[in-house]
Amino acid sequence: MGIALCKPERDAAAKNRQIETQIRIENQANKRKIKMLLLGISDSGKSTIVKQMRVNYCNGFNETEVVNAIFLIRNNIIDAFKHISLLILDSHIIKSDTEKVLLKLFAFESQKIEMMQEVDELRLINSIRVLECISVFFEHYSYHPMIPDNIHYFFPHLERIAVSEYMPTVEDLIHMRQTTLGVHEISFDYQTQTIRLIDVGGQKTERRKWIHFFEGVTAVMFVCSLSSFNQATEQEPNNAFAWETSLNKVQNKILVRSTGKAKQRPGMVNRLDESVDLFTSIRENNFLKSSNFMLFLNKIDLLGKKLETIQFVNHFPAYEQWITNDNSVQSVAEFIESMFREGLDADQKIYAHLTQATITTNIEYTFGLCCDVIFNKNIETLSLE
Ligand SMILES: Nc1nc2c(ncn2[C@@H]2O[C@H](COP(=O)(O)OP(=O)(O)OP(=O)(O)O)[C@@H](O)[C@H]2O)c(=O)[nH]1
Ligand SMILES: [Mg+2]
């Protein structure tokens, strides 16, 4: 005989059943959705792609996000001037004593500037943007690896941005940089399907969270910044792929590629090398064996700008042996793509695309191409079952 429950207990049990049913319904619905995962190292452009999806297929950005963006964009600008000031102070660029005072303020007390009253913050941004040494810097060192990519967009717009009545445009929001922490998901309808698009943080400390989202992934969209070829990060103790060894039983391999590796710098890891190594380890992950792999070779615009003054071969000596080693965007992009394809089995297909994630139509077009492949494959799989 069952134990009789009093009314509050009966209500609680009914509520629990209701929640469980709801979760089951949602899980079933999620299974019917196409799950896409955006992966890649930090700053490659994953969240920028999500923003473009929101512009194209959701309702764009809400009022709160736009207001928050005012502060985030100004912080992006202050952060960029911090790095620029440090470089100028350390360089031969001529600067007057008054210029030095302002440069030192941005270089060493940028956090203080961010905490100031808006009127003071704007005054300082407007004072630094017109300095002679700043224009010299942009003329000669504009694509220095320490400079955040989005300052190339924001610098010419500073007169519009550094005013108290500033309201960010959609384009400003696309270029705004906010490091992703945790995992974020958007869901939207595309043609006849519902897509779940999952964005993760690319920093090393964030990567251990990724594995929890590897089940049932239809497509991995791996994003790599082509312009990262001259950027480096500090080497960390060898535990970056701890999630892989503990959860997926894949051996941590020393990855050797014949195509190319960056010139070694003690204690530093080239960001393009880091990206290729990460891609290889993800490609070998058992959970993702049946997923489609889309490679977004992103920031093609910045690659072009950098190659105007930087010789790619100086960073990747193996490029000397490449079929065409003429420092053109096309040739360098092909070489980089080959680095990602190194060691692929004959039956492992990777669909690579050159992208500029800051251009809405470019991402709309590329996403369309990815979906054509995914949907057609789905039809093939269904007809085989
Ligand atoms: N010029 C240019 N800038 C880009 C492009 N794609 C992204 N960016 C900029 O690069 C910066 C980093 O982009 P995010 O999308 O935040 O990078 P992420 O991969 O999400 O980085 P994490 O969240 O740290 O993993 C932003 O300021 C973007 O505006 C591109 O194709 N061209
Ligand atoms: Mg992000």
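Just so it is clear, the structure is predicted and the values come from calculations on it, not from any experiment.

Student: Give a description of the sheet that holds strand β8 (residues 350-354) that names residues and reports values.
Tutor: By definition, the strands of a sheet pair up through backbone hydrogen bonds, in either a parallel or an antiparallel sense. Reading across from one edge, β2-β3-β1-β4-β7-β8 is the order of the 6 strands in this open sheet, with mixed pairing throughout. The open sheet has two edge strands with one neighbour each: β2 (183-190) and β8. Neighbour to neighbour, the strand axes of the sheet diverge by 20° on average, direction disregarded. Sheet analysis places strand β1 (residues 34-39) next to strand β3 (residues 193-200), joined by 5 bridges and oriented parallel. Residue pairing for β3: Lys-35 is matched across the bridge by Arg-196. Contacts from helix α12 (residues 271-283) reach β1, β4 (219-225), β7 (292-298) and β8 within the one sheet, and its direction differs from that of β4 by about 170°.

Student: Tell me about the pattern of salt bridges, and please be specific about residues and values.
Tutor: In this structure the tally under the stated criterion is 13 salt bridges. We note a salt bridge from Lys-209 to Glu-206, for which the minimum N-O separation is 3.0 Å. One salt-bridge network, held together by shared partners, links Asp-43, Asp-149, Arg-177 and Lys-299.

Student: I'd like a description of the pairing of β1, backed by residues and values.
Tutor: Remember that side chains alternate between the two faces of the sheet whenever the strand is regular. When you tally the buried positions in β1, you get 6 out of 6 residues, the bulk of the element. Here β1 runs beside β4; their pairing, made up of 4 bridges, is parallel. When the bridges of β4 are listed, Leu-38 appears paired with Met-221.

Student: Provide a residue-level description of the site of ligand 1, including the pertinent values.
Tutor: Near ligand 1 lie 23 residues; those nearest to it are Ser-42, Lys-46, Thr-48, Gly-202 and Asp-301. Within the side chain of Ser-47, one N or O atom sits 2.9 Å away from an oxygen atom of ligand 1. Asn-150 has a polar side-chain atom sitting 3.5 Å from an oxygen atom of ligand 1. When the free accessible area of ligand 1 is taken as 660 Å², the share hidden by the protein chains comes to 98%.

Student: Describe the pairing of β2, naming the residues involved and giving the relevant values.
Tutor: Here β2 runs beside β3; their pairing, made up of 8 bridges, is antiparallel. Counterpart to Val-183 in the pairing with β3 is Val-200.

Student: Break down the UniProt feature "binding site: GTP" (unreviewed entry) in the protein chain for me, with residues and values.
Tutor: Here the UniProt-annotated "binding site: GTP" (unreviewed entry) positions come out as Asp-199, Val-200, Gly-201, Gly-202, Gln-203, Asn-298, Lys-299, Ile-300, Asp-301 and Ala-357. Considering the C-alpha atoms alone, the annotated residues occupy 159 residues of sequence and remain spread out, their largest mutual distance being 23.8 Å. By the secondary structure assignment, Val-200 is in strand β3. Contact partners of Val-200, with chain neighbours within four places excluded, come to Leu-38, Leu-39, Lys-46, Thr-180, Gly-182, Val-183 and Trp-210. Of note, Asp-301 is situated in helix α13 (residues 300-307).

Student: Just give me the short version of the packing of aromatic side chains, but keep the residues and values in it.
Tutor: Considering all chains together, one arrives at 22 aromatic pairs under this definition. Geometrically, the ring pair formed by Phe-222 and Phe-279 is edge-to-face, given 5.0 Å between the ring centres and 65° between the ring planes. Of this pair, Phe-222 sits in strand β4 while Phe-279 sits in helix α12, and the two are 57 residues apart along the sequence. Site record: aromatic cluster; members linked through ring pairs are Phe-81, Phe-106, Phe-137, Phe-138, Tyr-141 and Phe-155. It is Lys-306 that lies over the ring of Phe-229; its NZ or CZ is 6.0 Å from the centre.

Student: A description of the coordination of the magnesium ion (ligand 2) should follow, citing residues and the corresponding values.
Tutor: With distances of 2.0 Å, the protein atoms coordinating the magnesium ion (ligand 2) are Ser-47 (OG) and Thr-180 (OG1). In this pair, Ser-47 is assigned in helix α2 (residues 46-57) and Thr-180 in the loop between α10 (170-175) and β2, connecting sequence segments 133 residues apart. The exposure class assigned to Thr-180 is buried, which follows from its relative accessible area of 12%.

Student: Now, about the confidence of the model for the protein chain: what can you tell me, with residues and values included?
Tutor: Counting all residues, the mean pLDDT for the protein chain is 87, and 88% of those residues have values of 70 or more. Here helix α11 (residues 242-248) is the element of the protein chain with the lowest mean pLDDT, 36, and α10 is the one with the highest, 97. Throughout residues 239-258 the model reports pLDDT below 50, and contacts reaching past four residues in sequence, or to other chains, amount to 37 contacts. Across the interfaces of the predicted complex, the ipTM metric reaches 0.99, alongside a pTM of 0.85.

Parameters and conventions
- In this numbering scheme, every chain counts its residues from 1 along its sequence in written order.
- Note on labels: chains are lettered from A, ligands numbered from 1, in written order.
- pLDDT decides what is reported in this predicted model: residues at 70 or higher carry local features, side-chain atom pairs at 80 or more are listed and counted, and totals for whole chains, interfaces and linings draw on all residues regardless.
- Values shown for side chains rest on all heavy atoms present in the structure; no hydrogens or waters enter the calculation.
- Whether two strands pair comes down to DSSP finding at least two bridges between them.
- Secondary structure elements are taken from DSSP: a helix is a run of H or I of four residues or more, a strand is a run of E of two residues or more, and numbering for both begins at the N terminus.
- Orientation is described by lines fitted to C-alpha atoms, with helices fitted over the stretch in contact, and by angles between N-to-C directions that extend from 0 to 180 degrees.
- In what follows, residue pairs with any heavy atoms lying within 4.5 Å of each other are defined as contacts.
- Any carboxyl oxygen of Asp or Glu within 4 Å of a side-chain nitrogen of Lys or Arg constitutes a salt bridge here.
- Throughout, exposure labels follow a simple rule: accessible area from a 1.4 Å probe, protein chains only, divided by the maximum for the residue type, with under 20% read as buried, over 50% as exposed, and the rest as partly exposed.
- What makes a residue near a molecule or strand is one non-hydrogen atom of that residue sitting within 4 Å of it.
- For this analysis, a polar contact is any N or O atom pair within 3.5 Å, provided that within protein one partner can donate a hydrogen and the other can accept it, and provided that sequence-adjacent residues contribute only side-chain to side-chain pairs.
- Note on areas: these come from Shrake-Rupley sampling with a 1.4 Å probe, and a residue is covered only by the protein chains present in the view.
- UniProt positions are given in the numbering used here, feature names are shortened, and annotations may be inferred rather than shown by experiment.
- A pair of Phe, Tyr and Trp rings is counted when the ring centres sit within 6.5 Å of each other, with Trp represented by its six-membered ring. The angle between the planes then sorts it: under 30 degrees is stacked, over 60 is edge-to-face, the rest tilted.
- Cation placement over rings: the criterion is NZ of Lys or CZ of Arg within 6 Å of the ring centroid and within 35° of the ring normal.
- Nitrogen, oxygen and sulfur within 2.8 Å of a metal are treated as its donors, or within 3.2 Å for sodium, potassium and calcium (Na, K, Ca); water is not counted, so a site can appear incomplete.
- Here pLDDT means the predictor's own confidence in every residue, given as a number from 0 to 100.

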